[in-house]
Structure formats: structure tokens, C-alpha cells
Amino acid sequence: MRRIVIAGNWKMHKTQADSLEFLTGFLPQLEATPEHREIILCSPFTCLASLSKTLHGSRVMVGAQNVHWESSGAYTGEISGEMLTEIGVRYVIVGHSERREYFGDTDETVNLRLKAAQAEGLTPILCVGETKQQRDAGETETHVVNQIKRGLVGVDQSKLIIAYEPIWAIGTGDTCASEEANRVCWLIRSQLANKNVPIQYGGSVKPTNMDEIMAQPEIDGALVGGASLEADDFARLVNYQ
Ligand code: PGA
């Protein structure tokens, strides 16, 4: 059976104090959450250490939002895998569309980050997805397959999560129809050597559409931005029916 993984991507939101306040509201709502669902909070770097300390022994795992491919060196502003694992981080988002669009990540640097993350014992969440323009031009399939092929060269598929995030659906309230998201997730799976890699959907996932998304056979979880910022909303997502 494939794993179910629900991850919150806080992006550049929440101070340490905000993040601990979130937990006060969130953790009590996990009592009835089915055991096999993996729950991850991907916070800004500044919250990681205190989150992982507070969450030690709980079922909620901590993830970062980026990692550099070198283990140390003259890379001002970057963070290495070892720096993350030292403070209890177990997961890292790699190749989010915002990193690709605003910070110059390419399939090649994404590939380097994935391999470096795995070498340090982190499980990366590789993000792929097409723009509105690519979708309208009928290029969704080739674009996503290329991102998968180029991103995964030499990557261990036994320690990997993939998130399909159509860019036009991120933060727009415009969710991809669940059958369509399922179709692209199936296409991604068809490219993988390990068919058990969890494949998440991301892009305007909210309490009102989560049940429908999770009912799709190829979708194994969600990567959630906006709706992971409020404890009650995110609790509702991890407790989907
Ligand atoms: P959203 O973001 O849920 O706010 O659309 C998803 C993401 O960027 O991972």
C-alpha cells in the first residue's frame, strides 16, 4: 500500500512564536487522525529548530523549504542538508515553482538538491507542474514528464515524495479538477521505476475540496500552502474523510 503524506508549506509565513501558537491549536486535533497518515510541517528556516524540539516524540514531522547541494562552503544565504538534519528536520521541499520562478532553480539545480538531500538522510518532496500558458498550449504532459526525467537522474526513488502542483492553481483558489490532477499524477507514476512513490497534489487545496481530491486513486496526499497556516483548516485537511 502506498503512503499517504499531507504536508503544509508555510512559505515565508510565521515567526517562531506564531509557529508554536499554531501547534497549540493543531496538535489536540490529531487524536482521531488515522495512524498511517504522515503529517509534515515545512516552515521557514528560523522556526525549524524550535518546531522539531517541540514536536519531538509526536507524529508530526518537520520539513524545510530548500536545501543547498554542497555540504558547506562560500554560499552566502544557503543552508546545507547536514545543518537541517542536525536540528531534527527529516523532509525538504525541492524545486517549488516559486523557487524556480523567483530564485533561478532549474531542473539541473533541482537534481543536485535532491541528491544532496538524500545523501544527508532527508526525504525530498520534488515539486513539478505547468504554467497556465503551457496548459493552454497543450504542453502539460511534455513539461511535467521532462521535469520528472531531468530532476530524477541518479535520484533514489525509495526516499522520495513528488508533488504535482499546477502553477496556475497555486494560491489562486483555482483548483485543478480532481480527475485531471489524478490523470497527471498517473502520468508521473508511469515515469517512475518505483511505483510506490507517494504523489501529492498541490494548488489551492482547502477543507472544501480535500475529500474529493483524496478520493482519487493516484493521489496520495497534498502539499498545502494557504490552508496550512490556520490550525483548524490544516487539522481538517489531515482528518479528511
Ligand atoms: P496553495 O499553495 O495551497 O496556497 O495554493 C500550494 C503550494 O505552493 O505548495
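Check the entry above for the structure.
Residues numbered from 1 in each chain as written. Predicted model: local features only at pLDDT ≥ 70, side-chain atom pairs only at ≥ 80, totals over all residues. Heavy atoms only, no water.

Caption draft 1: Fine view of the overall build of the protein chain. The helix and strand tally for the protein chain stands at ten helices and eight strands. What you see for the protein chain is a C-alpha radius of gyration of 17 Å, in line with the 18 Å of a compact globule of 241 residues. Reported as C-alpha extents along the three principal axes, the dimensions of the protein chain are approximately 45 × 45 × 30 Å. Scored against the burial criterion, the 241 residues of the protein chain give a buried share of 53%. Summarising the internal contacts of the protein chain: among those between residues at least 6 apart in sequence, 72% fall at separations of at least 24. (Helix = DSSP H or I, 4+ residues; strand = E, 2+ residues; numbered from the N terminus. Rg over C-alpha atoms; globule rule 2.2 N^0.38 Å. Buried < 20%, exposed > 50% of the residue type's maximum accessible area, 1.4 Å probe, protein only. Contact = heavy atoms within 4.5 Å.)

Caption draft 2: Quick look at the layout of surface pockets. Within this model, the largest pocket holds a volume of roughly 450 Å³. Residue lining of the largest pocket: 17 residues in total, with Lys-11, Met-12, Gln-65, Arg-99 and Phe-103 positioned closest to the centre. Ranked by residue count, the leading element in the lining of the largest pocket is helix 4 (residues 97-102), at three residues. Of the residues belonging to the lining of the largest pocket, the class tally is seven nonpolar, six polar and four charged. (1 Å grid on protein atoms, 1.4 Å probe; cavity = no way out; pocket = protein on both sides within 12 Å on 5 of 7 lines; lining within 4 Å. Points joined across faces, edges and corners; volume = space filled by probe spheres on them. Nonpolar A, V, L, I, M, F, W, Y, C, P; charged D, E, K, R; others polar.)

Caption draft 3: Spatial organisation of helix 2 (residues 45-55). The complete set of buried residues in helix 2 reads Cys-47, Leu-48, Ser-50, Leu-51, Ser-52 and Leu-55. Along its buried surface, helix 2 packs onto helix 1 (16-26), strand 2 (37-42), strand 3 (60-64) and helix 3 (81-86). Gly-57 occupies a position one or two residues after helix 2 and carries a positive phi of about 85°.

Caption draft 4: Quick peek at the packing of helix 7 (residues 140-151) against helix 8 (residues 178-190). Helix 8 packs onto helix 7 with a crossing angle of 40° between their chain directions and a minimal axis gap of 10 Å. Of the possible angle classes, the one that applies to helix 7 and helix 8 is oblique. Considering how the two elements wind past one another, helix 7 and helix 8 form a crossing that is right-handed. Only Arg-183, Val-184, Leu-187 and Ile-188 of helix 8 make contact with helix 7, whose side of the interface consists of Thr-140, Glu-141, Val-144, Val-145 and Ile-148. Here the contact of helix 7 with helix 8 is composed, by residue class, of six nonpolar, one polar and two charged. (Axes fitted to C-alpha atoms, helices over the stretch in contact; angles between N-to-C directions. Parallel < 35°, antiparallel > 145°, perpendicular 65-115°, else oblique. Left-handed = near helix turned anticlockwise from the far one by under 90°.)

Caption draft 5: View of the packing of aromatic side chains. Across all of its chains, the model carries five aromatic pairs by this definition. Ring centres of Tyr-102 and Phe-103 lie 6.3 Å apart, and the angle between their planes is 90°; on these two criteria the pair is classed as edge-to-face. In this pair, the class of Tyr-102 matches that of Phe-103, namely exposed. Among the aromatic residues, those joined into a cluster by ring pairs are Trp-10, Phe-22, Phe-26 and Phe-234. Sitting above the plane of the Trp-10 ring, Lys-14 keeps its charged end 5.2 Å from the centroid. Positioned above the aromatic ring of Tyr-240 is the side chain of Arg-37, whose terminal nitrogen or guanidinium carbon lies 3.7 Å from the ring centre. (Phe/Tyr/Trp six-rings, centres within 6.5 Å; stacked < 30°, edge-to-face > 60°. Lys NZ or Arg CZ within 6 Å of the ring centre and 35° of its normal.)

Caption draft 6: A look at the nonpolar core. Phe-26, Ile-162 and Phe-234 are the most contacted members of the largest nonpolar core, which has 59 residues in total. Sorting elements by how many residues they give to this core places helix 10 (residues 231-238) first, with five residues. The residues touching Ile-162, leaving out its near neighbours within four places in the chain, are Leu-126, Val-128, Ile-148, Leu-152, Ile-188, Leu-192, Val-197, Pro-198, Ile-199 and Gln-200. Residues Cys-42, Ile-125, Cys-127 and Leu-223 belong to the second largest nonpolar core, which totals eleven residues. (Core = buried A, V, L, I, M, F, W, Y, C linked by side-chain atoms within 4.5 Å.)

Caption draft 7: Spotlight on the environment of His-13. Along the chain, His-13 turns up in the loop between strand 1 (4-9) and helix 1. For His-13 and Glu-141, which are 128 residues apart along the polypeptide, the C-alpha to C-alpha distance reads 32 Å.

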